[in-house]
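If you want the building blocks of each chain, they are given just below.
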Amino acid sequence: MQRKFPQAHFLWIDVEDEADLLHPLDVENFPTLLLSQGDEPRFFGPVVPSSDMLERMIRAQLQDDGASAVKDRTVVDLLARIRQAHPFV
């Protein structure tokens, strides 16, 4: 996906190795995906492991600057912690 979307940043977070980063969220379904634009989470949840679906989701976010943000405070806080722990994101 990185080759198809060079303007995007991709990050793998291992739920066991970085459990403190994810706390208080408990990720039980895999894969779970967090899509964001800047400081705004746009999607958080489990997805079907399909590169075609992932590509469609990314394209939809890139094409719609007005897409609604996820308002769940735990997801907003998660994104902030991820951006702090991994500054390139």
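We now turn to the structure provided with this report. Residue positions are given per chain, counted from 1 along the sequence in the order it is written. Since the coordinates come from a predicted model, pLDDT governs what is reported: local features require at least 70, and pairs of side-chain atoms require 80 or more to be given and counted, while whole-chain, interface and lining totals use all residues. Hydrogens and water are ignored here; the side-chain numbers use all heavy atoms of the structure.

### Focus on the side chain of Q61
Our working definition: Only DSSP runs of H or I reaching four residues or more are called helices, and only runs of E reaching two or more are called strands; each is numbered from the N terminus. Remark: exposure states derive from per-residue accessible area (1.4 Å probe, protein chains only) relative to the maximum for the residue type, with buried under 20%, exposed over 50%, and partly exposed in between. We call two residues in contact whenever any of their non-hydrogen atoms come within 4.5 Å of each other.
As for its position among the elements, Q61 is in helix α2 (residues 51–63). By relative accessible area, Q61 is classed as buried at 17%. Beyond its immediate sequence surroundings of up to four residues, Q61 is in contact with L35, Q37, R42 and A67.

### Examining the side chain of R42
Let me state the cut-off plainly: As used in this structure description, the phrase polar contact means that two N or O atoms lie within 3.5 Å; if the pair is within protein, one of them must be able to donate a hydrogen and the other to accept it, and residues adjacent in sequence are counted only when both atoms belong to side chains.
Here R42 shows up in strand β2 (residues 40–46). Residue class for R42 comes out buried when judged on its relative accessible area of 10%. Within polar-contact distance, the side chain of R42 engages the side chain of E40 at 2.9 Å. In this view, R42 contacts L35, S36, Q37, Q61, D64, D65, A67, S68, A69 and V70; residues no more than four positions away in its chain are not counted.

### With respect to the pattern of salt bridges
Which entries qualify depends on this criterion: The salt bridge criterion pairs a side-chain nitrogen of Lys or Arg with a carboxyl oxygen of Asp or Glu, the two atoms within 4 Å.
Enumeration according to the criterion identifies five salt bridges in this entry. The shortest N-O distance in the salt bridge between K4 and E55 comes to 2.8 Å. Of this pair, K4 sits in the segment before α1 (19–22) while E55 sits in helix α2, placing them 51 residues apart in sequence. The partly exposed category is assigned to K4, whose relative accessible area is 49%. Look at E55 and you get buried, because its relative accessible area is 14%. A salt bridge links E40 to R42, with the shortest nitrogen-to-oxygen separation between them at 2.9 Å. When salt bridges that share partners are traced, they join K4, E55 and R59 into one network.

So yeah, pure geometry; function would need other evidence.
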